[in-house]
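Take a look at the letters that make up each chain.
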Amino acid sequence: MAYRPNAWDDIQIEYVNKIIRDYGIKRFFETGTYHGQTSLYFCMNGLDVYTVENNQNSYLTAKEILAGSEIKLFYNDSRQVLKDYVEQDLDEDTLFYLDAHWGDNLPLTGELEILDKEDKFVVVCHDVLVPFRTHFKWDKDVSDAFHNFKFTKPTTKIYPRYNIPMKVPPYVLCGYVILLRDYPMIMDKRFIFEEVIYP
């Protein structure tokens, strides 16, 4: 069975895979496992995968689907597991994928606060409003949390600007943003690059 990241379009998959190759990323850390499709995809592509789910039903489904894989699956608050992970001061570069939200549980601000203390990162935030590209769907609460967050160090935001139909469910483009700190930009005309510098 072929797995692909849940609700990612083909260009997002292509560009993130290029980031992984060019930056030599070895680990994938996901908040919001859901049923594990995204984790399985990156595990099958050679990354060491950590994933956190706080919804019991989703966790139990993912646990069954991911059984037998080498994926590290946690049933916990994503902020706690993320904090513990970054405090290990690991040598391998990590791609952080932030997609944890379910009902009233919205840990994105806390996750960004943890990562903002780091001098270097690659982050993908899902379900975010893409400025001036409203054909990408978004979650209002997630998007508000992201756009209201103030980074304390120079950070590059990369937004998609293409318009292609999704070939797989949900058949609509999902908004996202890629965040870079202390990594070179990989220029691509299908994306908008915004440098954010705070004193």
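Residues numbered from 1 in each chain as written. Predicted model: local features only at pLDDT ≥ 70, side-chain atom pairs only at ≥ 80, totals over all residues. Heavy atoms only, no water.

Trainee: Looking at this model, I keep getting lost on the nonpolar core. Mind explaining?
Mentor: For soluble globular proteins, the rule of thumb is that nonpolar side chains tend to be buried together. Core analysis: the largest hydrophobic core is formed by 59 residues, its most contacted members being Phe42, Leu112, Cys125, Phe146, Ile178 and Leu179. The greatest single-element share of this core, amounting to seven residues, is contributed by helix α1 (residues 10-23). When residues no more than four places from it in sequence are discounted, the contact partners of Leu112 are Leu98, Cys125, Phe146, Phe149, Phe151 and Leu179. (Core = buried A, V, L, I, M, F, W, Y, C linked by side-chain atoms within 4.5 Å. Buried < 20%, exposed > 50% of the residue type's maximum accessible area, 1.4 Å probe, protein only. Helix = DSSP H or I, 4+ residues; strand = E, 2+ residues; numbered from the N terminus. Contact = heavy atoms within 4.5 Å.)

Trainee: Just to check I follow, could you spell out the pairing of strand β1 (residues 27-31) for this structure?
Mentor: Along a regular strand, successive side chains alternate from one face of the sheet to the other. Among the five residues of β1, five are classified as buried, and the element is accordingly described as predominantly covered. Burial along β1 is two-sided: Arg27, Phe29 and Thr31 and Phe28 and Glu30, pointing in opposite directions, are all buried. Note: β1 against strand β2 (residues 48-53), five bridges, orientation parallel. Paired with Arg27 across the bridge in β2 is Asp48. Handedness of the β-α-β unit built from β1, helix α2 (residues 37-44) and β2 comes out right-handed. Sheet topology note: the β1/strand β4 (residues 94-98) ladder contains five bridges and is parallel. Paired with Thr31 across the bridge in β4 is Leu98. (Pairing = 2+ DSSP bridges. Right-handed = clockwise from strand over helix to strand, strands pointing away.)

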